[in-house]
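Spelled out, the chains give:
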Amino acid sequence: MMKAATQRSRSALVWWILAVVAVFLGANAHLLYVAIDSDPGCVAHLKGMEAAPGQYRAAKSSC
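Residues numbered from 1 in each chain as written. Predicted model: local features only at pLDDT ≥ 70, side-chain atom pairs only at ≥ 80, totals over all residues. Heavy atoms only, no water.

A. Structural detail: the overall build of the protein. Within the protein, the regular secondary structure consists of one helix and zero strands. Taking all 63 residues of the protein together, 2% fall into the buried category. (Helix = DSSP H or I, 4+ residues; strand = E, 2+ residues; numbered from the N terminus. Buried < 20%, exposed > 50% of the residue type's maximum accessible area, 1.4 Å probe, protein only.)

B. Focus on a nonpolar patch on the surface. The grouping of Leu13, Ile17, Val21, Phe24 and Leu25 at the surface amounts to a nonpolar patch, some 500 Å² of accessible area in total. As for its position among the elements, Phe24 is in helix 1 (residues 2-37). Its relative accessible area of 55% is what places Phe24 among the exposed residues. (Patch = residues over 30% accessible without salt bridge, like charges linked within 9 Å, V, L, I, M, F, W, Y side chains within 5 Å. Areas by Shrake-Rupley, 256 points an atom, 1.4 Å probe, with all protein chains shown as cover. Salt bridge = Lys/Arg side-chain N within 4 Å of Asp/Glu carboxyl O.)

Below, the structure is given as structure tokens:
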């Protein structure tokens, strides 16, 4: 009787571990997909070399 209970608990533990790994891999796959698929587009930024307080210039503008 004890052997069957131990085997069931071990089997449940394996299923929980597989579920956690699947969620972890799925979340990372989703983050990778969003990172590759997203295109933020152009945002307003300083184009010249002049400095203004609180304003930043893009290192390399693609717009």
